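Chain by chain, the residues run as shown.
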Amino acid sequence: MRQRMYKKMAGTSAIFIPADFANASPVERDGMVWSDQELSMPSAPQSLQWKPPLASTLALEGLEEYDQPETGDARYVNNLGIAFVYISKIRGWVALTDYA
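What comes next is a walk through the structure. Model, not experiment: these values are computed from the prediction. (Residues numbered from 1 in each chain as written. Predicted model: local features only at pLDDT ≥ 70, side-chain atom pairs only at ≥ 80, totals over all residues. Heavy atoms only, no water.)

**So, the overall build of the chain**
- Each helix and strand in the chain was counted, giving one helix and seven strands.
- Each helix and strand of the chain, placed in order from N terminus to C terminus, yields the pattern β-β-β-β-α-β-β-β.
- Within the chain, the proportion of its 100 residues that are buried is 38%.
- For the chain, restricting intrachain contacts to residue pairs at least 6 apart in sequence, the fraction spanning at least 24 positions comes to 50%.
- Carbon and sulfur atoms make up 51% of the accessible area of the chain, which amounts to about 5,900 Å² in all. (Helix = DSSP H or I, 4+ residues; strand = E, 2+ residues; numbered from the N terminus. Buried < 20%, exposed > 50% of the residue type's maximum accessible area, 1.4 Å probe, protein only. Contact = heavy atoms within 4.5 Å. Areas by Shrake-Rupley, 256 points an atom, 1.4 Å probe, with all protein chains shown as cover.)

Here you go:
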């Protein structure tokens, strides 16, 4: 698995997208990036528990209030066209960049 770098989306508590994401997206402007290792991404393929898709990343944040996510929960986000996996160690969502 290749090393990936991520940026945190602005206005969110912990939602990370690829640093090289080509589409328009609001990311924090401080220039900080995080690696796979820093975000506790698994180094080998893991089984994912796919949940229903969401309209936007803002909905990911609200899940903790009514549908507490667990490590390995995955959701596709329609407005970005990418999927995210929940990592409980960081209490955040990280974009899946190498999934089929």
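**Some words on helix α1 (residues 57–66)**
- Buried within α1 are the following residues: T57, L60 and L63. End-on, the buried residues of α1 take up no more than an arc of 70°, which puts them together on one face. Away from its buried face, by an angle of more than 90 degrees, α1 presents the exposed residues L58, E65 and Y66.
- Check the buried side of α1 and you find it contacts β2 (15–18), β5 (73–77), β6 (82–87) and β7 (92–95). (Arc of directions from axis to C-beta.)

**Quick look at the pairing of β2**
- Direction of pairing for strand β1 (residues 5–8) relative to β2: antiparallel, over a ladder of three bridges. In the strand pairing of β2, K8 is matched with F16.
- Taken together, the two bridges between β2 and β7 define a ladder with parallel strand orientation. In the strand pairing of β7, F16 is matched with V94. (Pairing = 2+ DSSP bridges.)

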